[in-house]
There are 2 protein chains.
Amino acid sequence: MGKILLKNTGRIPEPTLRRLPWYLSTVKILQTEGEVYVSSTRIAKATGMEASQVAKDLSYVDLTGRTRIGYEITSMVATLESFLGFTHLHKAYLFGVGSLGGALLQDSGLKHFGLYIVGAFDINPAIVGTSINGIPIYHTDEYEKRMAIDQVNIGVLTVPISIAQEMTDKMVAGGIRGIWNFTPYRIHVPDTCMVQNTSLYASLAVMYNRLLHPEKENK
Amino acid sequence: MGKILLKNTGRIPEPTLRRLPWYLSTVKILQTEGEVYVSSTRIAKATGMEASQVAKDLSYVDLTGRTRIGYEITSMVATLESFLGFTHLHKAYLFGVGSLGGALLQDSGLKHFGLYIVGAFDINPAIVGTSINGIPIYHTDEYEKRMAIDQVNIGVLTVPISIAQEMTDKMVAGGIRGIWNFTPYRIHVPDTCMVQNTSLYASLAVMYNRLLHPEKENK
């Protein structure tokens, strides 16, 4: 069996980090089909990449294929899942239990990828004190008090844009170090905090425009 | 008042399309604060961009500011919302009513940005025939029959990765022209169809890695 070592390879480029889950999905499917080895060429074909790029991306994770045999699938799945952080539980809070926030609380799938939302915050008296999908909803004023108990690193931001920055400042002051921003607002954070933007509305804007103007990108 | 004309400006670069919602959020907030005009410099500062880039992006939408006065906010909000497609209803189907799919059906916020999910498909007998948030859930076998009635362009893909490609092929064959792919799998489509990937799991992978290795990007 190919020797696969997992070193702590540190900070790797974002494009690579975003491609690794594609490779993981591909080899997970092959695994369920009973396959044992996979070549970088096959992963490349399945994901629309160049084989050399696949091999380079995987080398960041210290995954190296064997000549004429390829990568051992079971090890690869385990290594990638661990490296990407999906097998660890990362505690998170959600801020703003409106339509999108409430929907995300319902999505138990996030937990399978390591995101464990342990509490949510809002100011709406109709929902404060209740819970969604087993996740308690606290009043926003209780955030600092809860932080002392829960020791959370990640905050999911789903408040209205009008209070997005104010809530961000509060989150950072309370000790949140990573913000998953679902609002279409550009929040500002100090260097000690990092932001991942997932704007569903920007994706919609791109899709609407492309459907209206389906010509090829040739200029 | 500054004259603001909206021409059909066609296909514009994706980075611009992704920034326009930031500008829109910024001016919407200024609008609620009673402001009447805004400069590109102010929008740039609020969104972390260069003023020249903001002006260039807005010129794609035929928004031109007046010297020393800037852009008229009310017109700008209306023009951007219309241009981005948020004021039109775009009918969509959702495929795969699992945890994430069910959560997205709950999110009425998508409708405020023009996405009108008129039906969902699954094969689980426990949910086929029921509805979520007023949206009927049909058996996947009924897709072609429903398409003839609903004439939908957009499909939201939230199935398990093991059937992501198979479902994609079915969607495309039935007439879906734009796929919003929430699975971490790289789906393949013909040139006549476009894909927007929103991988929540890739965002999580980036966030976990950056939290683990918070040093600056200096190599």
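It should be noted that the structure appears before, not after, this text.
Just so we're clear, the structure is a prediction, and the values are computed from it rather than from any experiment.

> In this structure, what is going on with a nonpolar patch on the surface? I would like to understand it.
Taken together, the side chains of V36(A), Y37(A) and I69(A) make up a nonpolar region of the molecular surface, amounting to roughly 230 Å² of accessible area. Along the polypeptide, Y37(A) turns up in strand β1 (residues 37-38).

> When you look at the packing of helix α2 (residues 40-47) of chain A against helix α3 (residues 51-60) of chain A in this model, what are you seeing that I'm missing?
All names here are of chain A. Interaxial distance between α2 and α3 falls to 8 Å at its minimum, and their mutual angle equals 110 degrees. With respect to each other, α2 and α3 are oriented roughly perpendicular. For the pair α2 and α3, the contacting residues are S40, T41, I43 and A44 in the first and A51, V54 and L58 in the second.

> Can you walk me through the packing of aromatic side chains in this structure?
What describes a pair of aromatic rings is the distance from one ring centre to the other and the angle between the planes of the rings. In the structure shown here, the tally under the stated rule is 20 aromatic pairs over all chains. Look at F113(A) and Y201(B): their rings are 3.7 Å apart centre to centre, the planes differ by 20 degrees, and that puts the pair in the stacked class. You can see F113(A) sitting in the loop between α6 (109-112) and β4 (115-122) and its partner Y201(B) sitting in helix α9 (residues 200-212), one on each of two chains. Exposure remark for F113(A): the relative accessible area of 15% places this residue in the buried category. Ring geometry for Y93(B) and Y143(B): centres 6.2 Å apart, planes at 75 degrees, overall edge-to-face. Within this pair, whereas Y93(B) is found in strand β3 (residues 90-95), its partner Y143(B) is found in helix α7 (residues 143-150), the two being separated by 50 residues in sequence. Each of the two residues, Y93(B) as well as Y143(B), counts as buried. Each member of the aromatic cluster is reached from another via a ring pair, and the members are Y93(A), F95(A), F121(A), Y138(A) and Y143(A). The cationic tip of R186(A) hangs over the ring face of W22(B); the distance from NZ or CZ to the ring centre is 3.7 Å.

> What's the story with the packing of helix α7 (residues 143-150) of chain A against helix α8 (residues 164-174) of chain A in this structure? I'm lost.
Two numbers describe a pair of packed helices, the interaxial angle and the distance between the axes. Residues and elements named next belong to chain A. Direction vectors running N to C along α7 and α8 enclose 40 degrees, while the axes themselves pass 10 Å from each other. Relative to α8, α7 is oriented so that their crossing is right-handed. Touching Y143, E144 and M147 of α7 are K170, M171 and G174, all from α8. Taken together, the residues of the contact of α7 with α8 sort by class into 3 nonpolar, 1 polar and 2 charged.

> Help me out: how do you make sense of the interface of chain B and chain A in this one?
A common measure of how large an interface is: the accessible area buried when the components associate. Each side of the interface is counted separately: chain B has 67 residues, and chain A has 67 residues. Across the interface of chain B and chain A, roughly 6500 Å² is buried in total on both sides, 65% from carbon and sulfur atoms. Considering only the surface of chain B that becomes buried against chain A, R11(B), R186(B) and Y208(B) emerge as the three largest contributors, covering 13% of it. Viewed at the interface, chain A and chain B are joined by 0 salt bridges. On the surface where chain B and chain A come into contact, there are 28 residue pairs in polar contact (both at pLDDT 80 or more). Mapped by element, the contributors of at least two residues to the side of chain B that touches chain A are α1 (14-32), α2 (40-47), α5 (99-106), α6 (109-112), β8 (178-181), β9 (194-197) and α9 of chain B. With 12 residues, α9(B) is the single largest residue contributor to the side of chain B that touches chain A. Looking at the side of chain B that touches chain A residue by residue, the classes come out as 33 nonpolar, 21 polar and 13 charged.

So, how was this worked out
Residues numbered from 1 in each chain as written. Chains lettered and ligands numbered in written order. Predicted model: local features only at pLDDT ≥ 70, side-chain atom pairs only at ≥ 80, totals over all residues. Heavy atoms only, no water. Patch = residues over 30% accessible without salt bridge, like charges linked within 9 Å, V, L, I, M, F, W, Y side chains within 5 Å. Areas by Shrake-Rupley, 256 points an atom, 1.4 Å probe, with all protein chains shown as cover. Salt bridge = Lys/Arg side-chain N within 4 Å of Asp/Glu carboxyl O. Helix = DSSP H or I, 4+ residues; strand = E, 2+ residues; numbered from the N terminus. Axes fitted to C-alpha atoms, helices over the stretch in contact; angles between N-to-C directions. Parallel < 35°, antiparallel > 145°, perpendicular 65-115°, else oblique. Contact = heavy atoms within 4.5 Å. Phe/Tyr/Trp six-rings, centres within 6.5 Å; stacked < 30°, edge-to-face > 60°. Buried < 20%, exposed > 50% of the residue type's maximum accessible area, 1.4 Å probe, protein only. Lys NZ or Arg CZ within 6 Å of the ring centre and 35° of its normal. Left-handed = near helix turned anticlockwise from the far one by under 90°. Nonpolar A, V, L, I, M, F, W, Y, C, P; charged D, E, K, R; others polar. Buried area = accessible area lost by both parts, 1.4 Å probe. Polar contact = N/O pair within 3.5 Å; in protein donor to acceptor, adjacent residues only side chain to side chain.

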